[in-house]
Amino acid sequence: MKEMGAVGHDQATVLSPVMEGSAKTVHGRFRHKLKMPQILGFVPRPRSPKPIVESNPPQTEVVLDFMENLKENRLVEACQQLLLREDQLFGQETMTIEGLVQVCNEDDKDTLQKDYETLLLHLWMAVHTTFSSTPSGEHLEILRSAVETIRLLEEKDQQWEGRPEGSSEAPVWRPHQCRHTHDNLLEKMVDSQMRNATVEEDNISVSSVDNLSTSMKREVCRMGKRLKEDVLRVARDIRDCYPPDFDVCNLYVRLYHQKFSAKLTELARSGLDVDDCNYLLCWVNNYYPNDILKHKDLEGHINMESLGTLLSEKDLTTLEEQYLLQKESRVRTWFSKALSKEEEGWLSGKSPELIDGYCFCPLAIDIIQAVDGAMREARTILGSEAKAQRILCQLDSFLMSYKRSLEEFVKTRRENTQAVVKANLVNIEQFRDFIVRREESIPEEIRTSCMSTLADLRDCGYGYFTRPIHEELRVQYHKLWTQAWLTGGQMVLDEVLGTLDRHMQQFTDLKPICVEELLGRLHMEMMVEYVKRMMKRKMRLKDKEQQEAAAKLLAEDSSKLSTYFTEAGSKISWLSEVLPKMAEVVRLQDPGSIQLEIVTLAMDFPDLSWRHISALLSLKANLSTADVRGIKESLEVNRPSVTSSNTNPPFFSKVPAGKFWHMPS
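Residues numbered from 1 in each chain as written. Predicted model: local features only at pLDDT ≥ 70, side-chain atom pairs only at ≥ 80, totals over all residues. Heavy atoms only, no water.

The name recorded for the protein in an unreviewed UniProt entry is Tumor necrosis factor alpha-induced protein 2, from Oncorhynchus tshawytscha. As stated in UniProt under Sequence similarities (unreviewed entry), the record for the protein gives "Belongs to the SEC6 family." (UniProt positions renumbered as here; feature names shortened; annotations may be inferred.)

Pasting the structure below:
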């Protein structure tokens, strides 16, 4: 250090005269490079550059060998390494007398083959664990790597298969056929999943399986649930691990479908009891196609049409026939018991209960609910509205039995008959409403038969009340269209309506919808009776005065009848058109006008026959035979166009027209 200090002092002494010079001199001297005196023991050190501090220093990539890649489940990387070795090993060629041949080390080939076997073992293990645990990101990544490895190996197979003719032979391990092996493995996995489902109970809730009454039901339920869980897992998670050309959703669903179908076919042919048969049909026709195949997560990913049915048509038809026979038997038995119980009440003398002041019987409601329930169950189990409609045949049979029972009871004339009939009229209207509302869903043959039976039941029930009324009115009916009627004014019809009004007081406990129908029938029947009396030909109106008087009285009677029934609740408003049109024929004197009015009447009522017209014209004593012939000929000419424009229901067909009026030739 002393030596270094002396050296520094001497250097300062040498430099001091220079520094003491002028500025110009100093500047000039620094234009030349200064040379440091050589100092013993001193070696100048070059100036080190300042270190550059990086925020993210580059990491050194660690290259894994084949076994290390396998250990890390990097199957694609491990596969690429083997493919590279294969290319290197089989890419060496040399010229011989026979041509180009590969120069391969047998030991290298053996090693590569064993490495491929190791890779494939890891590959199939990755695929085999698809359903072994809950899907996780790591598990799906390994599967995705395995699928990509399959694709790489398939491509290499294709390269070897596509080599030019005369090329050297492919390695013994080619082709790997990984896609084929993959599909076979999936089939075995699905088979294992379905077999294990029949014995595993831990993963299935007690309420959904163990509460099922038979071992067959539990077995089918477990298999069905396993199928659903697995195919949904494929659609939600596994599908993304496969490229589109694998069509993995359809592949899995087809495999599960085949296994499930085979098991259900075996069970279907084993001779099932009724309960097990119903349950199996539920799975085939409802749960499987609707709850599984049509699940929103599978939408767009599977082809349902290509799957076919779980059971063959023959097996399915056998089970469905077994179900329908037992269901029809149960429904028939239930209907019979319900009717028998109702009949016992009728015969015991007990009156039906009153609900809201009206006679009521629950029979129709009970039967309709039973039909609805049976139809709903049949639609679910059979998966078809058309097949379920067979149950409705039992309703048709029941209505026939019901009709016979009610007709027999009405004949007995018991104290409670009137109340029982009132309650059953409500039943009849409810049955009719049920058939009408279901018109489109009920086969035409069954619908027609049911409506015919209900029409007879209506006639029986309403006729029970209308017949006594008409019997009492018969004497008053005979006064209509007589000389007494013509001279006595409106007194005859007043008596008729007075008697009718008295009878109507007994229907205060009849439900309004039935009162409306009863009034409509009375309205129609009284109109028919009135026109029938008019056409009896016991009265001849000799001149204009008599005819005008009769027409006036006829119009007044029409107004009185229409007013009474409309105010009482009848809805047959078109009946009010009948008598005024006939009154106009009676009033008119000009044959041409009469002819026009007859054509108009026939236009509104196409069931108006020549017998009716003849009877109506016979009232007019001053009408000549030629006039009547002209009216008939005009009607015959216009009849084809007349019948096509009618909007009114039949009326004159209900009126007996008496003998035909033979006109002289």
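Caption draft 1: View of the overall build of the protein. Helix and strand counts for the protein come out as 25 helices and four strands. A total of 665 residues make up the protein; the buried ones form 43% of that total. Long-range pairs, those at least 24 residues apart, make up 77% of the contacts in the protein with a sequence separation of at least 6. Summed over all atoms, the accessible surface of the protein reaches about 37,100 Å², with 51% contributed by carbon and sulfur. (Helix = DSSP H or I, 4+ residues; strand = E, 2+ residues; numbered from the N terminus. Buried < 20%, exposed > 50% of the residue type's maximum accessible area, 1.4 Å probe, protein only. Contact = heavy atoms within 4.5 Å. Areas by Shrake-Rupley, 256 points an atom, 1.4 Å probe, with all protein chains shown as cover.)

Caption draft 2: A look at unusual backbone geometry. Here the bond from Arg174 into Pro175 is cis, since omega is -5°, no more than 30 degrees from zero. Within the secondary structure layout, Pro175 lies in the loop between helix 6 (137–161) and helix 7 (178–197). With phi around 45°, Asp247 is a residue other than glycine that occupies positive phi space. Mapping Asp247 onto the fold places it in the loop between helix 9 (215–236) and helix 10 (248–268). Despite not being glycine, Arg413 shows a phi value in the positive range, around 55°. Residue placement: Arg413 occurs in the loop between helix 15 (392–412) and helix 16 (417–437).

Caption draft 3: Structural detail: the layout of surface pockets. Looking at the largest pocket, its volume works out to about 550 Å³. In terms of lining residues, the largest pocket is bounded by 20 residues, among which Arg458, Glu517, Gly520, Arg521 and Ile572 are the most central. Among the elements that line the lining of the largest pocket, the one with the most residues is helix 20 (residues 512–534), at eight residues. In the lining of the largest pocket, the residues fall into six nonpolar, three polar and eleven charged. (1 Å grid on protein atoms, 1.4 Å probe; cavity = no way out; pocket = protein on both sides within 12 Å on 5 of 7 lines; lining within 4 Å. Points joined across faces, edges and corners; volume = space filled by probe spheres on them. Nonpolar A, V, L, I, M, F, W, Y, C, P; charged D, E, K, R; others polar.)

Caption draft 4: Here's a closer look at the packing of aromatic side chains. The full count for this structure, using the stated rule, is 21 aromatic pairs. With centroids separated by 5.0 Å and ring planes inclined at 85°, the aromatic side chains of Phe465 and Phe507 adopt a geometry described as edge-to-face. Here Phe465, found in helix 17 (residues 444–477), pairs with Phe507, found in the loop between helix 19 (491–504) and helix 20; they are 42 residues apart in sequence, far enough to count as distant. In this structure Phe465 comes out as buried when scored by relative accessible area, which is 3%. When its relative accessible area of 4% is taken as the criterion, Phe507 is described as buried. A network of ring pairs unites the aromatic residues Trp334, Phe335, Phe398, Tyr402 and Phe431 as a single cluster. Over the face of the ring belonging to Phe246 we find Arg179, whose NZ or CZ atom lies 3.8 Å from the ring centre. (Phe/Tyr/Trp six-rings, centres within 6.5 Å; stacked < 30°, edge-to-face > 60°. Lys NZ or Arg CZ within 6 Å of the ring centre and 35° of its normal.)

Caption draft 5: Region of the structure containing the side chain of His523. Relative to the helices and strands, His523 is located in helix 20. Judged by its relative accessible area of 3%, His523 falls in the buried class. Separated by 3.3 Å, the side chains of His523 and Ser570 make a polar contact. (Polar contact = N/O pair within 3.5 Å; in protein donor to acceptor, adjacent residues only side chain to side chain.)

Caption draft 6: Spatial organisation of the environment of Met535. By secondary structure assignment, the location of Met535 is in the loop between helix 20 and helix 21 (544–568). Placed 79 residues apart in sequence, Met535 and Ser614 show a C-alpha to C-alpha distance of 9.0 Å. Every residue in contact with Met535, bar those within four places of it in the chain, is listed here: Met582, His612, Ala615, Leu616, Phe652, Val655 and Ala657.

Caption draft 7: Region of interest: helix 20. With 23 residues, helix 20 extends 33 Å from end C-alpha to end C-alpha; this agrees with the ideal 33 Å at 1.5 Å per step. Burial analysis of helix 20 places 17 of its 23 residues in the buried class, which makes it a mostly covered element. (Expected span 1.5 Å × (residues − 1).)

Caption draft 8: Region of the structure containing the pattern of salt bridges. Here the structure, examined in full by the defined rule, presents 42 salt bridges. For the salt bridge of Lys544 with Glu548, the shortest nitrogen-to-oxygen distance reads 3.9 Å. Here Glu548 and Lys544 lie together in helix 21, a separation of four residues that amounts to about one turn. On the basis of relative accessible area, Lys544 is assigned to the partly exposed category, the value being 42%. (Salt bridge = Lys/Arg side-chain N within 4 Å of Asp/Glu carboxyl O.)

Caption draft 9: The nonpolar core, seen in detail. Of all hydrophobic cores here, the largest spans 191 residues; its most connected members are Trp481, Met582 and Phe651. Those residues in contact with Trp481 that sit more than four places away from it in its chain are Tyr530, Arg533, Met534, Met539, Leu541, Ala550, Leu554 and Leu619. (Core = buried A, V, L, I, M, F, W, Y, C linked by side-chain atoms within 4.5 Å.)

Caption draft 10: Quick look at the environment of His128. On the secondary structure map, His128 appears in helix 5 (residues 106–128). On a C-alpha basis, the gap between His128 and Met189 in space is 7.0 Å, while along the polypeptide they are 61 residues apart. Every residue in contact with His128, bar those within four places of it in the chain, is listed here: Leu185 and Met189.

Caption draft 11: Representation of the confidence of the model for the protein in the model. Of the residues in the protein, 83% have a pLDDT of 70 or more, and the chain-wide mean is 84. Segment residues 1–46: pLDDT under 50, and six contacts once partners within four positions in sequence are set aside and those in other chains are kept. pLDDT under 50 marks residues 661–665. Its contacts with residues more than four places away, or in other chains, come to 13 contacts. (pLDDT = per-residue confidence, 0-100.)

Caption draft 12: Layout of the side chain of Ser405. Relative to the helices and strands, Ser405 is located in helix 15. On the basis of relative accessible area, Ser405 is assigned to the buried category, the value being 14%.

Caption draft 13: Expanded view of the packing of helix 13 (residues 363–382) against helix 16. The interhelical angle for the contact between helix 13 and helix 16, taken along N-to-C directions, is 25°, at an axis separation of 8 Å. What the angle tells us is that helix 13 and helix 16 run roughly parallel. Contacts from Leu363, Ala364, Ile365, Ile367, Ile368, Val371 and Asp372 of helix 13 reach helix 16 at Asn427, Gln430, Phe431 and Phe434. For the contact of helix 13 with helix 16, the per-class residue count stands at eight nonpolar, two polar and one charged. (Axes fitted to C-alpha atoms, helices over the stretch in contact; angles between N-to-C directions. Parallel < 35°, antiparallel > 145°, perpendicular 65-115°, else oblique.)

Caption draft 14: View of the packing of helix 21 against helix 22 (residues 578–587). Put simply, helix 21 and helix 22 touch, their axes get as near as 8 Å, and they point 175° apart. Relative to helix 22, the element helix 21 is oriented roughly antiparallel. Note on element contacts: helix 22 touches helix 21 through Leu579, Pro580, Met582, Ala583, Val586 and Arg587, opposite Gln547, Glu548, Ala550, Ala551, Leu554, Ala555, Ser558 and Leu561. For the contact of helix 21 with helix 22, the residue count by class is ten nonpolar, two polar and two charged.

Caption draft 15: Representation of the environment of Arg330. Mapping Arg330 onto the fold places it in helix 12 (residues 313–347). Overall, the relative accessible area of 51% leaves Arg330 in the exposed class. Measuring from C-alpha to C-alpha, the distance between Arg330 and Ala374 comes to 9.6 Å, with 44 residues separating the pair along the chain.

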